[in-house]
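# Secondary and tertiary structure notes
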Amino acid sequence: MKAKIFLIILTLFMSFSLLTACTKKNTNDTNDTDDKDNTDAVTTASIVDNEKAFVDAISNTGTWIICLTKDLTVNQELVMEGEFKNGKKDDAGNDIIQRKLALYSQDESRNITARYVLTAPKLTVKSPNASIQHGTFKGDVYVDAENFALVDATVDGNLYFTKQEYKDSFTMDGTSKVTGNMGLQE
């Protein structure tokens, strides 16, 4: 009898533990605005390996960093939008706004272990301080925000800016490249 009671209690405890551990927790810390285009959030990374998860992660309710775990093809035009905090502060103590599309995996020592290819017809970047890092985007990129960057990344397509100020604030390192045209297209 004691064994049956013990097993019942153990089963209930394990069930409760599993439910608690697997419950999705909302990590967005948003302000009280109804304007979804002005999302002000601090979020954790979104590790994605499928189209739906990726589209959700780059939306204005997504995460500040989107990490692929394999090559991915999305058969629709993509929009990376929203303003996100990366959880760090600048020298003046202000929250750092950043959005990163991480097309790579890394080990615990931050060594890049794999690079991925994201393929889509078009990616429109509306998030300020956004970057594509350490992989390849196949398709055209339209930048509609300030301070877009390529970091050890390739755009296998065209890179267009909707305003001169966005083009002027664009940076790319020496290992990055754009295979197509790069210029202004309002």
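So, here is what we can say about the structure in this document.

The rules behind each value
Residues numbered from 1 in each chain as written. Predicted model: local features only at pLDDT ≥ 70, side-chain atom pairs only at ≥ 80, totals over all residues. Heavy atoms only, no water. Pairing = 2+ DSSP bridges. Helix = DSSP H or I, 4+ residues; strand = E, 2+ residues; numbered from the N terminus. Polar contact = N/O pair within 3.5 Å; in protein donor to acceptor, adjacent residues only side chain to side chain. Contact = heavy atoms within 4.5 Å. Phe/Tyr/Trp six-rings, centres within 6.5 Å; stacked < 30°, edge-to-face > 60°. Buried < 20%, exposed > 50% of the residue type's maximum accessible area, 1.4 Å probe, protein only. Lys NZ or Arg CZ within 6 Å of the ring centre and 35° of its normal. Salt bridge = Lys/Arg side-chain N within 4 Å of Asp/Glu carboxyl O. Core = buried A, V, L, I, M, F, W, Y, C linked by side-chain atoms within 4.5 Å. Right-handed = clockwise from strand over helix to strand, strands pointing away.

With that settled, consider the sheet that holds strand β8 (residues 99-102). Spatially, 6 strands are ordered β2-β3-β8-β12-β14-β17 in an open sheet, and the strand pairing comes out parallel. A single partner strand is all that each edge strand has here, and the edge strands are β2 (46-48) and β17 (171-172).

A few words now on the side chain of S169. Among the secondary structure elements, S169 is positioned in helix α3 (residues 164-169). A polar side-chain atom of S169 sits 3.2 Å from the main-chain carbonyl oxygen of Y166. When neighbours within four sequence positions are excluded, S169 is seen to be in contact with E146, N147 and F148.

Taken as a whole, this structure holds 3 aromatic pairs when the rule is applied. Ring centres of F161 and F170 lie 5.2 Å apart, and the angle between their planes is 55 degrees; on these two criteria the pair is classed as tilted. For the residue pair F161 and F170, the accessibility class agrees, reading buried in each case. What links up through ring pairs into an aromatic cluster is the set F148, F161 and F170. Here the basic side chain of K122 rests over the ring of Y142, its NZ or CZ set 4.4 Å away from the ring centre.

Another aspect to go through is the pattern of salt bridges. Pairing of side chains with opposite charge becomes possible as their charged atoms draw close. Summed over all chains, the structure comprises 4 salt bridges. The closest approach of N and O atoms between D95 and K89, which form a salt bridge, is 2.8 Å. Given the relative accessible area of 32%, D95 is considered partly exposed. What you see here is one network of salt bridges that share partners, running through K85, K89 and D95.

Now for the nonpolar core. Counting 31 residues, the largest nonpolar core has F54, L118 and F148 as the members making the most contacts within it. Contributing elements (two or more residues each) for this core: α2 (51-58), β3 (65-68), β5 (78-80), β11 (117-125), β12 (130-133), β13 (136-143) and β16 (159-161). Top element by residues in this core is β11. It accounts for 4 residues. Those residues in contact with F148, other than ones at most four positions away along the chain, are V125, A130, S131, I132, V141, V143, L159, S169, F170 and T171. Ranked by size, the runner-up nonpolar core spans 6 residues in total, among them W64, C67, F84 and A102.

Turning next to the pairing of β3. Because side chains alternate across β3, one face comprises the buried residues I65 and C67, and the other comprises I66 and L68, equally buried. Direction of pairing for β2 relative to β3: parallel, over a ladder of 3 bridges. When the bridges of β3 are listed, V48 appears paired with L68. Each parallel crossover has a hand, and the one from β2 via α2 to β3 is right-handed. Looking at chain direction, β3 and β8 are connected through 3 bridges and run parallel. Residue pairing in the sheet places I65 in a bridge with K100 of β8.

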